[in-house]
Amino acid sequence: MIEYDVRLASPQAHLFEVQCTIFNPDPKGQTVSLPAWIPGSYLIRDFARHIVSMAASCDGKAVTITKTDKHTWQCAPCSGSLQLRYSVYAFDLSVRMAYLDTTRAYFNGTSLFLQVHGHEDTACGMTLHKPKHLDKSWQVATGMTAEKTDKRGFGRYLAANYAELIDCPVEIGELAVVDFKAGGIPHRIVVSGRHQADLKRIARDLKTLCTHHIAFFGEAPFSRYEFMLYAAGDDQYGGLEHSNSTSLICPRSWLPSQGEQLNEKGYQDFLGLCSHEYFHAWHVKRIRPLAFQQAELGREAYTRMLWVFEGFTAYYDSLALVRSGLISREDYLKDLSESITRLLRTPGRTVQALEESSFDAWVKLYRPDENTPNAQISYYLKGSLVALALDLTLRAYNSSLDEVMRALWQQYGKTGTGVTEDAIEKLVAQICSPDIGQHLKKFFDMALRGTEDLPLAELIAPFGVEYKVAVNGAAAKKQTQQSSALGIKLANGGEAKLTHVYAGAAAEQAGLAGGDVVIALDGIKVSAQNLEKLVSRKAPGTKIRIHAFRRDELMEFKVVTQAAPADSCTLTLSSQPTPQAMQLLDNWLGKMASVSARE
Ligand code: ZN
C-alpha cells in the first residue's frame, strides 16, 4: 500500500501539502516522478513545475533526495518506511490541473500524487484532511471509493492502483448536489462555483441522456457516476473524461435557472458537453488505443486514431441529444450544419490529413497559433464529420456506425483489449457485407489519409435532408450582387485585431498578418463591429486601402477584395420526404420522441 495524505495547507498561497508514504521502498534507492501529461489531454504539461519544495525522511531521519530530470527524483537507499513531503502550487482553473483558494479546492492526481516507480500496481490510500479554519459547509466529491469518511466526505479513500488514483479528480467546496438513477445505477451532479442553476431540471435531463447511452451500449461499465461541474464566467469551458466521473467547467449562463429565460444554445452546448464526457466512459476509457494502454506519463503516447476516439465521441454527443428527445431534429441539423461550416472555413483541411492531425496532437492541436486554420484540421471536428459520413455510408448498406460501436465495446472495451492502429478499418469491413469492402477502403483512404472534401451532400440526400452551401448571410439578405471578403478572423472586442488571415485570401495577398490591428479603411476609422460589413458591401475586385498596426508600427496595405466564398452550410428537412427517406431518417435520428418541454 502507498499512502497519500493531502492537506489544504495554505489556500491563500494556493498550496497543497502532500505526504507520500512508501512502506517498502526500493532498497537500492527509491525513484519517484510526477506525470508530464494527463490522460484525455494530449499535451506535455510538466505538472512537476508546480512542486515548490520536497523533502524525504525515513523513520524520522532525513534522506537525501536528488532531482534527476524535470519530473523525477531519486531518494538515497533507506531501510524502513520512506516519507516524501512536498508542497504543490495550485491556481489553474482548468479541468486538467489543480486549484486552491479560499473558495474552493480541486485537484487531479496527476498534479498531486508522485508515481512510485516499481509500485504502479500497488493499491493506494488517500487521506483528505479536514481543513481547520475553512468554511464548515465544505464537502468533498470524487469518483474514488470511500473507505472511512465523515459525512462531508473528508477521510480515507482507496484506489486499486496508481492509474485509478490519478483517474479520480477531487472537488472540495460548497457543493450543490442532486442524486438520480439511470439504468438503475446511482449518478450525481455536483456543482461548485457561483450559480443559481435549476439542478432538478439538469438532473432530469441528464437522467434521460445517461439512460440513452447505457441502453446504446447495453450496459454501464461503472457502479456509480459523478458529473462534477464548476460554474464559471463566460470565457471558461472544458471537460475531461474519467472512468466513473467527469470534470466539467462551463459558463454559469448556460445553466437553466428558475425564473430566467433559458439560454437554449448554451444549455444545448452544456448537455452536449455532458454527453461527450459520459460517452467517453465507454469509448477511450475502456475501448482504448493500445498506445494509451501502454503509455508512460513522462512522455508522449502517439496514435493516429484520435479521429475514432474524439471524432466518434463528438458525433455521438449531439446525436444522443436528438435520439433521446432532448433537442429537436431541426436543432440537431443546425448543430451539424455549423460543424460543416466550421470545416469549410478551415483552409487547413486541404493540407493536413485526419490521421496526421491525430498523430501531431502533441505539438499542434493543443498549441494553436495564427497559422493553425491554414495548416491544420481538428480531429474532433473533421473526425465527427467522418463519423457522420461513415454512418450514412454504412446505413446505405443496411448497417450503421452503431453496430461498429457495439462491436468495439464487446470485443475491446469489455475485454480490456487495446485497440491496434489498424483495428477500426478491419472491424468495419468485417461487420459489413464483403461486397462493400473495396468501397470502404476507398472511403478510408479519402477520409483519413486524403485531404479532399467529404461527399456529405450526396450521402445525406437519401435521408430527406437537403444540403446547401452559400455565401455567409446571403440567403437572409436576399443579396443579388456579389459581396466581398478579406478572408480574416477577428478577435472579440472593440478593436479590429486579426487572429487569423486565411491562406490565399485578399488580406494575405496584401500582406496583412495575424496579430495586426486594423484601424482604418480608405482613411476612415474602423472597429471589429464594422470592418467586415464595410468590406462586404464592395464589389469583388475593388481596391481598398487599409491602415493597421503591426506590433507598434503603423503600416499601409493595398488590398484587392475577393468574392466572399460560399462557406455557410444549411441542412433542412425535406418538406415532402419519400416513405423510404422517412424510414432511413427514423433509423438514424431515432423515432420522433417528444422533445422535452423547454420551459
Ligand atoms: Zn473528448
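Residues numbered from 1 in each chain as written. Predicted model: local features only at pLDDT ≥ 70, side-chain atom pairs only at ≥ 80, totals over all residues. Heavy atoms only, no water.

*Asks:* Help me understand the overall build of the protein chain in this model?
*Replies:* Along its length, the protein chain carries 18 helices and 31 strands. Counting only C-alpha atoms, the protein chain reaches 85 × 60 × 55 Å along its principal axes. A separation threshold of at least 6 residues defines the contact pool for the protein chain, and within that pool the share at least 24 residues apart is 69%. As displayed, the protein chain offers around 26,300 Å² of accessible surface, 50% of which is attributable to carbon and sulfur atoms. (Helix = DSSP H or I, 4+ residues; strand = E, 2+ residues; numbered from the N terminus. Contact = heavy atoms within 4.5 Å. Areas by Shrake-Rupley, 256 points an atom, 1.4 Å probe, with all protein chains shown as cover.)

*Asks:* What is the right way to look at the pairing of strand β15 (residues 155-159) in this model?
*Replies:* For a regular strand, side-chain orientation follows a simple rule: the groups alternate between the two sheet faces. Across the five residues that make up β15, a large majority, four, are buried. Bridging between strand β12 (residues 124-128) and β15 involves five bridges; their strand directions are antiparallel. In the strand pairing of β15, Leu128 is matched with Gly155. Strand direction decides the pairing type here: strand β14 (residues 145-149) and β15, joined by four bridges, are antiparallel. When the bridges of β15 are listed, Thr149 appears paired with Gly155. Remark: five residues form the turn of the hairpin made by β14 and β15, two consecutive strands paired antiparallel; Gly153 in that turn has positive phi of roughly 100 degrees. (Buried < 20%, exposed > 50% of the residue type's maximum accessible area, 1.4 Å probe, protein only. Pairing = 2+ DSSP bridges.)

*Asks:* In this structure, what is going on with the packing of helix α6 (residues 306-323) against helix α10 (residues 381-396)? I would like to understand it.
*Replies:* For any two helices packed against each other, the geometry is given by the interaxial angle and the distance between the axes. Where α6 contacts α10, the axes come no closer than 7 Å and their chain directions differ by 70 degrees. Compared by their axis directions, α6 and α10 come out roughly perpendicular. The way α6 lies across α10 gives a crossing that is right-handed. Contact residues: α6 offers Trp307, Gly311, Phe312, Ala314, Tyr315 and Arg323, while α10 offers Gly383, Ser384, Val386, Ala387, Leu388, Leu390, Asp391 and Arg395. Along the lines of polarity and charge, the residues of the contact of α6 with α10 split into eight nonpolar, three polar and three charged. (Axes fitted to C-alpha atoms, helices over the stretch in contact; angles between N-to-C directions. Parallel < 35°, antiparallel > 145°, perpendicular 65-115°, else oblique. Left-handed = near helix turned anticlockwise from the far one by under 90°. Nonpolar A, V, L, I, M, F, W, Y, C, P; charged D, E, K, R; others polar.)

*Asks:* Got a minute to help me understand the coordination of the zinc ion in this structure?
*Replies:* Reference geometry at the metal: tetrahedral coordination by four donors gives ideal angles of 109.5 degrees; octahedral coordination by six donors gives 90 or 180 degrees. On the protein side, the zinc ion has His276 (NE2), His280 (NE2) and Glu310 (OE) as donor atoms, found 2.0 to 2.1 Å from it. Counting the intervening residues between successive donors of the zinc ion yields the motif H-x3-H-x29-E. Pair noted here: His276 is in helix α4 (residues 264-280) and Glu310 is in helix α6, with a separation of 34 residues, a long-range link. Of the two residues examined, His276 and Glu310, each falls in the buried class. (Donors = N, O, S within 2.8 Å, 3.2 Å for Na, K, Ca; no water.)

*Asks:* How should I be thinking about the pairing of strand β4 (residues 51-58) in this particular structure?
*Replies:* Where β4 and strand β8 (residues 82-89) come together, seven bridges link them in antiparallel fashion. Paired with Ala56 across the two strands is Leu84, which belongs to β8. Pairing geometry for β4 and strand β5 (residues 61-63), over three bridges, is antiparallel. In the strand pairing of β5, Ala56 is matched with Val63. Between β4 and β5, which pair antiparallel one after the other, the connecting turn spans two residues, and Asp59 there sits at a positive phi close to 45 degrees.

*Asks:* Mind showing me how you'd approach the sheet that holds strand β6 (residues 65-69) here?
*Replies:* Reading across the sheet, the four strands line up as β6-β7-β3-β11 and stay open at both edges, with antiparallel pairing between neighbours. Unpaired on one side and paired on the other, β6 and β11 (115-116) mark the two borders of the sheet. By the bridge criterion, two bridges tie strand β3 (residues 31-33) to β11 in an arrangement that is antiparallel. Bridged to Val32 within β11 is Val116.

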